[in-house]
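Here is what each chain is made of, one letter per residue.
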Amino acid sequence: MADPYQNNVYHQGDGDGYQTYGEGGQDGYAYQGEYPQEEDAASDATEGHDEEDQMYEGEYQGIPHPDEVKAARRAARARARATADAVSEQEELAEQYEDIMEDCAHGRFQWTLFIVLGLALMGDGVECFVVGFVLPSAEKDMCLSNSEKGMLGLIVFLGMMFGAFIWGGLADKVGRRKCLIVALAIHCVFAFLSSFAQGYGFFLFFRLFSGFGIGGSVPIVYSYFSEFLQMDKRGEHLSWLCMFWMMGGIYASFAAWGIIPRYGWGFSMGTEFSFHSWRVFVLVCALPAITSLIGLTFMPESPRFLLESGKHDEAWMILKQVHDTNWRAKGEPERVFTVTQIKTPKTQEDEFIEIQSATGTAFQRWGVRTLSLTKLVLKNVASLVSSELRLSTLMMAIIWFTMAFSYYGLSVWFPDMIKHLQREEYESKEKVFVGKKVENFHFNFSLENQVHRDGEYIRDKFINIELKSVKFEDSLFEDCLFEDIRSSDTIFENCTIRNTTFYNTDLWEEKFVDCRMENSTFEHNKKGCHLNFEEENDVLIYLVSFLGSLAVLPGNIISALFMDKIGRIKLIGGSMLVSAGCTFFLFLSFSQAAIIAWQCLFCGVSVAAWNGIEVVTVELYPTSKRATAFGVLNALCKLAAILGSSIFASFVGITKIVPILLSFTALVCGGVVALKLPETREKILL
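The rules behind these values
Residues numbered from 1 in each chain as written. Predicted model: local features only at pLDDT ≥ 70, side-chain atom pairs only at ≥ 80, totals over all residues. Heavy atoms only, no water. Helix = DSSP H or I, 4+ residues; strand = E, 2+ residues; numbered from the N terminus. Contact = heavy atoms within 4.5 Å. Polar contact = N/O pair within 3.5 Å; in protein donor to acceptor, adjacent residues only side chain to side chain. Pairing = 2+ DSSP bridges. Axes fitted to C-alpha atoms, helices over the stretch in contact; angles between N-to-C directions. pLDDT = per-residue confidence, 0-100. Buried < 20%, exposed > 50% of the residue type's maximum accessible area, 1.4 Å probe, protein only. Salt bridge = Lys/Arg side-chain N within 4 Å of Asp/Glu carboxyl O.

Caption draft 1: Examining the environment of Glu301 more closely. Turning to its location among the elements, Glu301 is positioned in the loop between helix 10 (287-296) and helix 11 (303-308). Residues within four places of Glu301 in sequence aside, it is in contact with Gly175, Arg176, Arg177, Lys178, Tyr224, Phe228, Leu306 and Ile318. For Glu301, the side chain forms a polar contact with the main-chain nitrogen of Arg176, separated by 3.1 Å.

Caption draft 2: Quick peek at the sheet that holds strand 17 (residues 516-518). The sheet built from five strands is open, its strands ordered 6-9-11-14-17 with parallel pairing. With one partner strand each, in any of the chains shown, strand 6 (437-439) and strand 17 form the two edges of the open sheet. In this sheet, adjacent strand axes meet at a mean angle of 5° when their direction is disregarded. Relative to strand 14 (residues 496-498), strand 11 (residues 476-478) is paired through three bridges, and the arrangement is parallel.

Caption draft 3: Molecular detail of the confidence of the model for the protein. Considering every residue of the protein, the mean pLDDT works out to 80; 81% of them sit at 70 or more. Within the protein, the lowest mean pLDDT, 40, falls on strand 1 (residues 5-9), and the highest, 94, falls on helix 10. Under a pLDDT of 50 for its full length, residues 1-61 has, in the predicted model, 114 contacts with residues more than four places off or in other chains.

Caption draft 4: Highlighting unusual backbone geometry. Positive phi is not limited to glycine here, since Ala105 has a value of about 70°. By the element assignment, Ala105 lies in the loop between helix 2 (89-104) and helix 3 (108-141). On the basis of relative accessible area, Ala105 is assigned to the buried category, the value being 0%. Here the phi dihedral of Asn499 falls at roughly 50°; this positive angle occurs in a residue that is not glycine. Within the fold, Asn499 resides in the loop between strand 14 and strand 15 (501-505).

Caption draft 5: Region of the structure containing the pairing of strand 10 (residues 461-473). Direction of pairing for strand 7 (residues 442-443) relative to strand 10: parallel, over a ladder of two bridges. Bridge pairing in strand 10 places His442 opposite Lys461. In terms of strand pairing, strand 8 (residues 447-453) meets strand 10 through six bridges, oriented parallel. Within strand 10, the residue paired with Val451 across the bridge is Lys471.

Caption draft 6: Local environment of the pattern of salt bridges. Taken as a whole, this structure holds 20 salt bridges when the rule is applied. Its salt-bridge partner being Glu478, residue Arg498 comes within 3.5 Å of it at the nearest N-O pair. Of this pair, Arg498 sits in strand 14 while Glu478 sits in strand 11, placing them 20 residues apart in sequence. Taking relative accessible area as the criterion, Arg498 reaches 26% and is therefore assigned partly exposed.

As structure tokens, this is what we get:
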């Protein structure tokens, strides 16, 4: 039976064993005798001293030299390999790749990639806030019903769910960089188109595909970045990367507050096309993704993916680029990339290429390529429930689902509860007028938050005013004139309207319930919906989202600093259980300030769990399945977000008990399951 692995080598001499560094390797891991020091090991001696006189600054403090630490780690891995009954070639490749990344060090290249990928992650964070911020304006601009508003709020998550699943699967077969570029390009194009869409249908369609594009960012970004990190830096730097999602929330909140209320920033072209300020906000929200897309064009593919795909030469060149970039930035350009051999697996991708090249016409090649690629992706998805990965996948699915269900459910519940409390406070100030008779009066002032019962309005004029939250019940209007009227939440119920003229108003048929019209006319009714930004946009909602995003910062910093010290599993389990405890205090929140405070606490604690979950997901799965697994789990996360936000929102104004108990139960279950996961902080990426 043929060896499933083949050796592609750069070497001087023979040898069909495992690959070496330098010359004369023993056990496949030999180095040149005068190989330069690693990262943080450069001498800090004063200029003018001879090289042999320089010494490590921590020598007198008993601090081990970084070279000694790395040598000890490699020796420990070699002993473990020697004592193991059987070491798979996949594990050998993983160990060699880890040694190469240690030699390349952590420096300018990783930080550049960190910013580029962070902006893509920031784009995902922004996308979660866009619809919520524009909805108060969009519903007026496009005359949305309650059901249409609900669908618009969920459509983005639906697109992100399918995007995560599809792009994650493709990234393991086509490449991390290529898929991320295409996904971000789709997001940017459809986000741009959505800002100009005048109708609800087109806007819904464009936001669906915008979400589909950005949905691929999370599974690809973490898989991509992790494959440029050495083991001892992986947990911390993946956690720092999570901060960009928080920055997305802050960016969206600031942009919404600074742009949407500025009505004068828009323009109109007749009555058929309008471009109000909320559409400018939609465009601005695409900027992080656009910037990331530009940056990605200068970034290379993941060499770990290339090795899995059998592309040894490309991987070697990229690893050399990483090595040289980092050491030049550290002021040591003389360091030489000494890797001469890298073992690469022979994968099914070879069969895929053969089938593609043997096909005739361009259309046939495209069809065969698409079909074979689909089969490979689905086969990869099915492998996540194989005997080796079944338990890990099940546990991670439970953790992702319970965390997302609670987090996104409460993220919707918090601002909705604040709006409900505002509404209750507003209604408590409602003025009621009963049996009033008004004759020959000119109403030149607006009416707000009022109820008029059994009133009589004879020969009155309502001209150029606004009716906001006004209800007329069992009233008579006779010989009246309504002209240039703007209304919101206004209704006429069981009224008699006689010899009355409505001119240039938005008082349409549905605003008259069980009313009797006698010789009344409607002339030049207003068409469409009309915005009033001063009334429809509450700055408090932007502030709540901003504070919730900002509260994530302390938790993010703490989780990054302690991810490798206390371990991923304790961090996830502990954070989820503490978050569950926080939800119980929501029983004591009877004011807007209390809800905002508990929201900040919940977000600050739960982010540590999110960071741990994302790091563990990267580390549990091998390279050939990493993005696929992340995509499937992230798609499940978006499904939980849809369910959580829908269920929690339905109980606003009815009861607090159900949302609190649901979130508490979900977080406790997820936290308990998380504590059963294997610790991965000392695990080399397979």
